[in-house]
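# A structural walkthrough
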Amino acid sequence: MRPDDQEPLLPTGARGRSILRGTRGAVLGLVAAIAFAACSAGAPASASIPPDATGSLAPITTATPSVSPSATPTPAPSAAYPLTVTDDEGGTVALAAEPRRIVSLTPATTEIAFALGAGDRVVATTDFDDYPPAATTLPHVASYTGVDVEKIVGLNADLVIAGGNGFNPPEAVARLRSLGIPVLVVYARDVAGVLADIELVGRVIGKAAEARAMTDRMRAGIDAIAAATSALDHPRTFYELDATKEIYGPADDSFVAEMVRLAGGDPITTGSPTVFSIPLEKLVAADPQVIVLGDAAYGTTAKDVAARPGWGRMTAVRTGAIRPVNDLVITRPGPRLVEGLRDLALAIHPDASIPPVQ
Amino acid sequence: MATRSEPVAAARVRAVRLETGRGRPALLFGGALGLLLVALVLGVGLGSVAVAPADTLAILARRLLGAPIAQTWPASTETIVLDLRLPRVLAAMTVGLGLAVAGATFQGLLRNPLADPYVLGTASGAALGAAIAVLIPIRVLVLEFGLLHGLAFAGALLSIAVVYRLSRTATLAPLTSLLLTGYAVGSLLAAGLAMAMYLSGANLRQIFAFLLGGFEGASWIRVAVALPIILGGSLAIGLRARALNGLLLGEETAAHLGVDVRRERAILIALASLVTAAAVAIAGLIGFVGLVVPHVVRLAVGPNARLVLPLSALLGASLMVGADIVARLLGEVPVGVVTAVIGAPFFLFVLRSARSGYEL
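Cut-off values and rules
Starting afresh in each chain, residues are numbered from 1 along the sequence in its written order. As a convention, the first chain written is A and the first ligand written is 1, with the rest following in written order. This being a predicted model, a pLDDT of at least 70 is required before a residue's local features are given, and a value of 80 or more before pairs of side-chain atoms are given or counted; all residues contribute to the totals for chains, interfaces and linings. Processing note: side-chain calculations cover all non-hydrogen atoms of the structure and skip hydrogens and water entirely. Helix and strand definitions follow DSSP, with helices as H or I runs of at least four residues and strands as E runs of at least two, each counted in order from the N terminus. Between buried and exposed lies partly exposed: a residue is buried under 20% and exposed over 50% of the maximum accessible area for its type, with that area taken using a 1.4 Å probe on protein chains only. Contact criterion: two residues are considered in contact whenever any of their non-hydrogen atoms come within 4.5 Å of each other. By the counting scheme adopted, Arg and Lys are positive, Glu and Asp are negative, and His together with the chain ends is not counted. Each charge is placed at NZ for Lys, CZ for Arg, CG for Asp and CD for Glu. What makes two strands pair is DSSP finding at least two bridges between them. The axes used here are C-alpha line fits, helices contributing only the stretch in contact, and every angle between their N-to-C directions lies in the interval 0 to 180 degrees. Remark: nonpolar core denotes a set of buried residues (Ala, Val, Leu, Ile, Met, Phe, Trp, Tyr, Cys) joined through side-chain atoms within 4.5 Å. In short, buried area is how much 1.4 Å probe accessible area vanishes from two parts on joining, totalled over both. What counts as a salt bridge is simple: a side-chain nitrogen of Lys or Arg found within 4 Å of a carboxyl oxygen of Asp or Glu. Counted as a polar contact is a pair of N or O atoms within 3.5 Å, where, for protein atoms, one must be capable of donating a hydrogen and the other of accepting one, and residues adjacent in sequence contribute only when both atoms are in side chains. Side-chain classes are defined by residue name, with Ala, Val, Leu, Ile, Met, Phe, Trp, Tyr, Cys and Pro counting as nonpolar, Asp, Glu, Lys and Arg as charged, and the others, Gly among them, as polar. Using a grid of 1 Å spacing that covers the protein atoms alone, one calls a set of points a cavity when a 1.4 Å probe fits there but cannot get out, and a pocket when the set is open and has protein on both sides within 12 Å along at least five of seven lines; lining residues are those with an atom within 4 Å of a point. Grid points are joined across faces, edges and corners, and a volume is the space filled by probe spheres set on the points. What pLDDT expresses is the predictor's confidence in each residue, scored from 0 to 100.

Moving on to the overall build of chain B. A count of helical and extended segments in chain B gives 15 helices and two strands. A principal-axis box enclosing the C-alpha atoms of chain B has dimensions of 80 × 50 × 35 Å. Counting over 360 residues, chain B shows a buried share of 54%. Here the analysis covers contacts within chain B between residues at least 6 apart in sequence; of these, 76% occur between residues at least 24 apart. Charge separation in chain B, taken as the distance between the mean sites of 26 positive and 15 negative side-chain charges, equals 5 Å.

Following this line, the structure appears as structure tokens:
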């Protein structure tokens, strides 16, 4: 059942997709599709950005008060243990000492730990991990079907970093905590949330200063890209998450919609903050000028899109503005987000000069 | 006088014939107990972390029996054996036992070989309850039970209560009415479930996990709460085996045997539903065990409830532990998938290889 390491390791949602393809059951299809939408952190959320975490990102926000519980980015210059923090879902995480045996249950947090220089302390990851290469050879303790609590206990983990909003089963998180293993649950609702999570993870693993430096760099990179695209025309852009059965795109105010906006596009969303499917009629009426293929990694091509019945009338199809992207870099809430944003900006504005990522 | 006692005498004859079991019950009970022991040992011994059998036995002997054995294993091994595997095996046994007994009860009660613990709408009720719990953004935890478990339990019981009430007002024969009402109410609840799933967004996976069932969340406290309900309910059903035998022969025959048909049926439905609800609350919806196990037992010993109930309990417990072991070794596949994948072909095999005339 465990997927072998040769097959391109997919995020949770992508595994869901394979279920979608493998069954006719409506329920399973629904499950797969929504799990797919959820995996990329593009879950329903308001577009609010905690002001203290973002500063420079303020222009893109709709001015609503901060709701993110993760907005506590005031780490001490050097993390002092014992340390107690509150995670993104309100859990209290207490650490007596710097964690030496870290288990990461999401690809994004794995990337964060490695990018902050704590990769040598990560002892296990998930079936979905694909980056950096060193992370993929570690034991896998999480898959689409769940979390292997027994293996985590057997590895003597002293910190588990899990994904919130149901990415990892809350049941497993509760079980680990009841066994005395600290679990940090992270869930980024938006770009500012990703930066806040990097700082939160940094604090907890004893890399607070590194995390701060990283988010400063990322903020500058995001600002530079947003500045380069803000003066351009913002084409109506549809970011396709999946269209094998129903058409899935970003919900209103979701993470992907925010990325499209930052990249200089006018995102076509589903019209609801909780629904990730969009009827073809609605998409035709919205008339995308650019279609970004977030599902390119699963074999969808511009040719496929043009051949779909009813799609031919869309401006993007008539002008050939259908562009594949690497969805993993764009939607994964980790340190490569700025690269993803740049890729997305180039997909929307192929001829613009977008500053390279530092 | 003779006209009145004739049917009673005939009923007695049928009852005696029913209760004269085939096969060798003692041998079967011994075998079933042995199977349960094997399941227990394998369930505690196997998992994703390799633990030496000697260590497993030493840990169990030291902590459960107080044997004076020096600890030569890491503390994590002890946690794995005592806090993860043992409660999980016990939870699987309890749930398997409960579902098999409830399945046997519903099959006899409804005189329908397709009946299972979920036939009267309990599954849809529990699933809808769980889905609603997932939609409600409140996290409560009482004795390690969350809103999901509570509402699943309540949903199962509520749906059966509604089905029972509605079925009594119908003009159909009671059994037909029960089955059809159960089907109708179940369909309505399933529609509600589909709606809840549609609305659940990112939380859909939690509902999905419940629908397929599993023992990942098993802990000592959960076992301690569910075990008395399931075991107590199953024992109470077992004590009513005579009534169940009577009902199996038909209402008229049962009445001639002195069984208060309406009352006994209501009590048995209530008990089987209670057992089902508790099982579903801690393990989600696990199919096939409740349907298949009683049939397999009947193929071996005939329809006598006095034998079918206890043997189903033992076999259901063993099979559920077995299915959970497979689920664990495959990397936490939902147990419901395992029971279906193994259960259906196994059942076909048993049906095809059955020699004598099989009757419910």
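All names here are of chain A. With parallel pairing, the four strands of this open sheet are ordered in space as β10-β9-β11-β12. Two strands lie at the open edges of the sheet, namely β10 (266–267) and β12 (322–324), each paired on one side alone. The pairing of strand β9 (residues 236–240) with strand β11 (residues 290–293) spans four bridges and is parallel. Bridging from a neighbouring strand, Phe238 pairs with Ile291 of β11. Taken strand by strand, helix α15 (residues 337–348) contacts β9, β11 and β12, and its axis lies near 145° from that of β11.

Turning our attention to unusual backbone geometry. The amide bond that connects Tyr131 of chain A to the next residue, Pro132 of chain A, takes the cis arrangement and shows omega of -10°. Take Pro132 of chain A: it is sitting in the loop between β4 (122–126) and α5 (133–136). In this structure, Asp253 of chain A is a non-glycine residue whose phi angle is positive, near 60°. Its identity is not glycine, yet Arg111 of chain B carries a phi of approximately 50°, on the positive side.

Counting residues in each nonpolar core, the largest one holds 136 residues, and the members touching the most others are Ile152 of chain A together with Phe210 of chain B. Top contributing element to this core by residue count: helix α4 (residues 75–110) of chain B, with 19 residues. Beyond its immediate sequence surroundings of up to four residues, Ile152 of chain A is in contact with Val103, Leu105, Val141, Val147, Ala157, Val160, Leu176 and Ile181 of chain A.

Bringing the interface of chain B and chain A into the picture now. With 31 residues of chain B at the interface, the matching set in chain A holds 34 residues. Of the roughly 2,800 Å² buried between chain B and chain A on both sides combined, carbon and sulfur atoms contribute 61%. Linking chain B to chain A there are two salt bridges. The interface formed by chain B and chain A holds five residue pairs in polar contact (both at pLDDT 80 or more) in total. Every element with two or more residues in the side of chain B that touches chain A is listed here: α4, α7 (174–199) and α8 (204–212) of chain B. Examining the composition of the side of chain B that touches chain A, we find that six residues originate from one element, α4 of chain B, more than from any other. Each residue belonging to the side of chain B that touches chain A can be placed in one class, and the counts come to 12 nonpolar, 11 polar and eight charged.

Tallied over the full model, the rule gives seven cavities of 30 Å³ or more. The calculated volume of the second largest cavity comes to roughly 170 Å³. Around the second largest cavity, the lining is made up of 15 residues, and of these Asp148 and Glu150 of chain A together with Arg88, Arg328 and Glu332 of chain B lie nearest the centre. For the lining of the second largest cavity, the secondary-structure elements that each account for two or more residues are α6 (149–154) of chain A together with α4 of chain B. Per element, the largest residue contribution to the lining of the second largest cavity is three residues, and it comes from α4 of chain B. Looking at side-chain class alone, the lining of the second largest cavity contains five nonpolar, two polar and eight charged residues.

With that settled, consider the environment of Ser177 of chain B. Assignment of secondary structure puts Ser177 of chain B in helix α7. Separated by 136 residues in sequence, Ser177 of chain B and Val41 of chain B have C-alpha atoms that sit 45 Å apart.

Let's shift gears to the side chain of Thr300 of chain A. Residue and element names in this part refer to chain A. Examined against the element boundaries, Thr300 turns out to sit in the loop between β11 and α12 (302–307). A polar contact of 3.5 Å, which involves the side chain of Thr300, links it to the side chain of Asp295. The residues contacting Thr300, other than those within four sequence positions of it, are Glu240, Leu293, Asp295, Val305 and Arg308.

Residue and element names in this part refer to chain A. Of all residues in chain A, 78% attain a pLDDT of 70 or more, and the chain-wide mean is 80. No element of chain A has a lower mean pLDDT than helix α1 (residues 12–22), at 34, and none a higher one than strand β3 (residues 102–104), at 97. Here residues 1–79 is modelled with pLDDT under 50, and outside its nearest four sequence neighbours on either side it reaches 158 contacts, counting other chains as well.

Moving on: the environment of Ala224 of chain B. Residue and element names in this part refer to chain B. Structurally, Ala224 can be placed in helix α9 (residues 220–239). A relative accessible area of 51% means that Ala224 is categorised as exposed. For the pair Ala224 and Ala91, spaced 133 residues apart in the sequence, the C-alpha separation amounts to 9.2 Å.

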